[in-house]
Amino acid sequence: MTHAPARPLNLLVAGGGIGGLASAYVLGRSGHNVTVLEQAGTFGEIGAGIQLGPNIFKMFEYLGLTDAVSRVAFFPPGLGMNDVRTGEKVIRVPLGEAALAAYGYPYGVIYRVDLHQVFLEACQALPNISLRTSSKVESFDQDASRVSVRIAGGKTLQGDALVGADGLWSRIRERVVGDGKPRVSGHIAYRAVLKREDVPQHLWNDDVLLWGGEKTHLVHYPLRRGELFNLVAVFHSNKYDEGWNTFGDTAELNERFSQAVPQVKELLGKIQTWKMWVLCDREPVKNWSDRRVTLLGDAAHPMLQYLAQGAGQAIEDAVVLAEALRFTGGGVEQAFQKYQQARYLRTGRVQLTARFYGDIYHASGVQRELRNQLFRSGKESAGFAGLKWMYDGIDPKNLFT
Ligand SMILES: Cc1cc2nc3c(=O)[nH]c(=O)nc-3n(C[C@H](O)[C@H](O)[C@H](O)COP(=O)(O)OP(=O)(O)OC[C@H]3O[C@@H](n4cnc5c(N)ncnc54)[C@H](O)[C@@H]3O)c2cc1C
């Protein structure tokens, strides 16, 4: 359903990842004409899992996408942490009904491809959204009334505004913020997805389970109604400066997990091919808009994945951006200022808190003992109590008054 604004805008979105498609859908649904420019030859996502906190299900409800997401998601009964060296249970937070009772929305996990497909189909169903592949945004210019975007190959497109949803290595950000390369954290992630039948029963677990160790951790959880099993192994490495979606070195992985309990080693041994990511973030900033150009998702506030919120924050951004445009009656420059003003403290808090949670997962020595003791002594839900501000989410109907 679209809600026609007084004057529909012609909006250009650079990047067709989860953030780009989410914003195209929300803006298209608000009645604007949207053109998504994706550099790749097809719209798609990498094969890996993604966690969706209750704050994101709140957005799905607002967008009318809860059923579409729930059909392909998996709803884990708990979220736990074990010590990777001893197998000791550090904490387990019940989800399911408990998450519903605490936040009003569920905690789910989803195959990234499936989430991307939900947004892609939602966009395809709106005639005012145009989806273009093989359209790499090279540069842009703007004046008082328009933005011109130059695409690789020389073509130029014009619109009322440009949303840079072009990810961690954003070109648009180079011009708007100009703060150089992202910060390399020193940790890398290896990701793999197994079919259910390839995971022996004694290694299968319905929970989102994190095995924390010194400068390492492994997370696993089921995907796609329980048909798949997602694994993410994270460890410290000095080898890589930058890189994305290349193949991992199994020997290095095994060496980093050499102290792990047999169950973890057996699970890691099931994977033949890992895909590798160098984990980066940035210092939070408060100004990611320049007149008719703004940023969204990882382009605006890239974060480490330790709170599993990057894509979720991009979806929240999309909703706030559309609401800001509605509030200003389509006044782009004012809306972009309102949007970033409404977002930067929340996204900055997630960016900084994610770093802190990484330290908790990777603790060693006294830090590790203290973590285990504090979590053990607390209530089962203590691990979540400090994240209520995040999981409570935003209220899209009362953002701007
Ligand atoms: C190991 C790991 C685990 C994670 N787990 C979670 C999780 O559990 N939950 C969660 O919410 N988040 C998670 N995240 C974070 C999440 O993946 C990102 O925050 C999210 O993908 C950001 O979406 P985006 O659309 O902003 O950027 P991207 O996904 O990077 O998409 C950017 C798009 O722009 C395109 N593009 C780039 N440059 C151009 C250009 N010049 N012109 C045109 N197109 C361009 C790219 O091809 C791409 O399609 C995780 C991240 C990692 C690394």
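Let me sum up the structure you'll find in this document. No experiment lies behind these values; they were computed from the predicted model shown. In every chain, residue numbers begin from 1 and rise along the written sequence. For a predicted model such as this one, the threshold for reporting local features is a pLDDT of at least 70, and the threshold for listing and counting side-chain atom pairs is 80 or more; totals across whole chains, interfaces and linings nevertheless cover every residue.

**Some details on the overall build of the protein chain**
No. 1: The way it works is that DSSP assigns letters per residue, a run of H or I at least four long becomes a helix, a run of E at least two long becomes a strand, and they are numbered from the N terminus. When helices and strands are tallied, the protein chain shows 13 helices and 19 strands.
No. 2: With C-beta atoms placed from the backbone, a residue is buried if 20 or more other C-beta atoms are within 10 Å of its own, exposed if 12 or fewer are, and partly exposed between those counts. Taken over 401 residues, the protein chain has a buried fraction of 48%.
No. 3: Sequence-distant contacts in the protein chain: of pairs separated by 6 or more residues, those separated by 24 or more amount to 74%. Residues are defined as contacting one another if the C-beta atoms placed from their backbone atoms lie within 7 Å.

**Considering the site of the ligand**
No. 1: What makes a residue near a molecule or strand is its C-beta atom, placed from the backbone, lying within 6 Å of it. Taken together, 34 residues lie near the ligand, and Gly15, Gly17, Gly167, Gly297 and Gly310 sit nearest.
No. 2: Put simply, the parts of the chain that give the shell around the ligand at least two residues each are helix H1 (18-29), strand E3 (49-52), strand E17 (275-281) and helix H9 (310-327).
No. 3: For the shell around the ligand, the element with the highest residue contribution is H9, accounting for four residues.
No. 4: By residue class, the composition of the shell around the ligand is 16 nonpolar, 13 polar and five charged. For this classification, the nonpolar set comprises Ala, Val, Leu, Ile, Met, Phe, Trp, Tyr, Cys and Pro, the charged set comprises Asp, Glu, Lys and Arg, and every other residue, Gly included, is treated as polar.

**Overview of the pairing of E17**
No. 1: Taking burial as the measure, the seven residues of E17 include six buried ones, the bulk of the element.
No. 2: The criterion for strand pairing is that DSSP finds at least two bridges linking the strands in question. The sheet contact formed by strand E12 (residues 183-195) and E17 spans six bridges and is antiparallel. Bridge pairing in E17 places Ile188 opposite Val278.

**Quick look at the sheet that holds strand E2 (residues 33-37)**
No. 1: What the six strands build is an open sheet, ordered E7-E2-E1-E11-E19-E18; its pairing is mixed. The sheet is open, and its two edges are formed by strand E7 (129-132) and strand E18 (289-290), each paired on a single side.
No. 2: In this sheet, E2 lies alongside strand E1 (residues 10-14) in parallel orientation, the contact comprising five bridges. Across the sheet, residue Asn10 finds its bridge partner in E2, namely Asn33.

**A short note on the nonpolar core**
No. 1: Residues of type Ala, Val, Leu, Ile, Met, Phe, Trp, Tyr and Cys that are buried and joined through C-beta atoms within 7 Å form what is called a nonpolar core. Core analysis: the biggest nonpolar cluster contains 117 residues, and Val13, Phe119 and Leu162 have the highest contact counts within it.
No. 2: The element best represented in this core is H9, accounting for ten residues.

**Here we look at unusual backbone geometry**
No. 1: Notably, Arg224 is not glycine yet its phi reads approximately 40 degrees, a positive angle.
No. 2: Within the element layout of this structure, Arg224 appears in the loop between strand E14 (216-223) and strand E15 (228-236).
No. 3: For Arg224, a count of 20 C-beta atoms within 10 Å puts it in the buried group.
No. 4: Positive phi, close to 60 degrees, is recorded for Arg225, a residue that is not glycine.
No. 5: The residue Arg225 is located in the loop between E14 and E15 in this model.

**Describing helix H10 (residues 332-361)**
No. 1: By definition here, a helix of n residues has an expected span of 1.5 Å times n minus one. Helix length check: H10 (30 residues) gives 42 Å between terminal C-alpha atoms against 44 Å at 1.5 Å per residue, within 8%.
No. 2: Every buried residue of H10 is accounted for by Val332, Ala335, Phe336, Lys338, Tyr339, Gln340, Arg343, Thr347, Val350, Gln351, Gly358 and Tyr361.

**Structural notes on the sheet that holds strand E8 (residues 137-142)**
No. 1: The strand order across the open sheet formed by three strands is E8-E9-E10, and the pairing between neighbours is antiparallel. Looking at which strands have only one partner, the edges of the open sheet turn out to be E8 and strand E10 (156-159). Strand-to-strand twist across the sheet, computed as the mean angle between neighbouring axes with direction ignored, equals 20 degrees. Note on geometry: axes are lines fitted to C-alpha atoms, helical ones only across the stretch in contact, with angles between N-to-C directions running from 0 to 180 degrees.

**A short note on the environment of Gly269**
No. 1: Tracing the chain through its elements places Gly269 in the loop between helix H8 (262-268) and E17.
No. 2: Residue Gly269 is classed as exposed on the basis of its C-beta count, with 10 C-beta atoms lying within 10 Å.
No. 3: Linking Gly269 and Val13, residues 256 residues apart in sequence, is a C-alpha distance of 41 Å.

**Remarks on the pairing of strand E6 (residues 108-111)**
No. 1: Judged by which residues are buried, E6 turns out to be covered on both faces: Gly108 and Ile110 on one side and Val109 and Tyr111 on the other are all buried.
No. 2: Note: E3 against E6, four bridges, orientation antiparallel. Directly across from Leu52, in E6, lies its bridge partner Gly108.

**Looking at H1**
No. 1: Given a rise of 1.5 Å per residue, twelve residues ought to cover 16 Å, and the 16 Å separating the end C-alpha atoms of H1 matches this to within 8%.
No. 2: For H1, the full list of buried residues reads Ile18, Gly19, Gly20, Leu21, Ala22, Ser23, Ala24, Tyr25, Val26, Leu27, Gly28 and Arg29.
No. 3: Looking one or two places after H1, you find Gly31, whose phi comes out positive at around 100 degrees.

**A word on the packing of H9 against H10**
No. 1: Relative to each other, H9 and H10 sit at 155 degrees, their axes nearing to 8 Å. Considering their axes alone, H9 and H10 lie roughly antiparallel with respect to each other. As H9 runs across H10, the sense of the crossing is right-handed. Of the residues in H10, those touching H9 at Gln313, Asp317, Val320, Leu321, Ala324, Leu325 and Phe327 are Ala335, Lys338, Tyr339, Ala342, Arg343, Thr347 and Val350.
No. 2: Residue classes in the contact of H9 with H10 are distributed as nine nonpolar, two polar and three charged. Angles are sorted into four bins: roughly parallel if under 35 degrees, roughly antiparallel if over 145, roughly perpendicular if 65 to 115, and oblique for all others. Left-handed describes a crossing whose near helix is turned anticlockwise from the far helix by less than a right angle; the clockwise case is right-handed.

**Digging into the environment of Gly180**
No. 1: As for its position among the elements, Gly180 is in the loop between helix H6 (171-176) and E12.
No. 2: Residues Gly180 and Trp169, spaced eleven residues apart in sequence, show a C-alpha to C-alpha distance of 9.6 Å.

**Things to note about the environment of Ser289**
No. 1: Relative to the assigned elements, Ser289 resides in strand E18.
No. 2: On the basis of neighbour counts, which here come to 23 C-beta atoms within 10 Å, the residue Ser289 falls in the buried class.
No. 3: In contact with Ser289, other than residues within four places in its own chain, are Val176, Thr294, Phe336, Gln337 and Gln340.

Bear in mind that shape data such as this cannot, by itself, settle questions of function.
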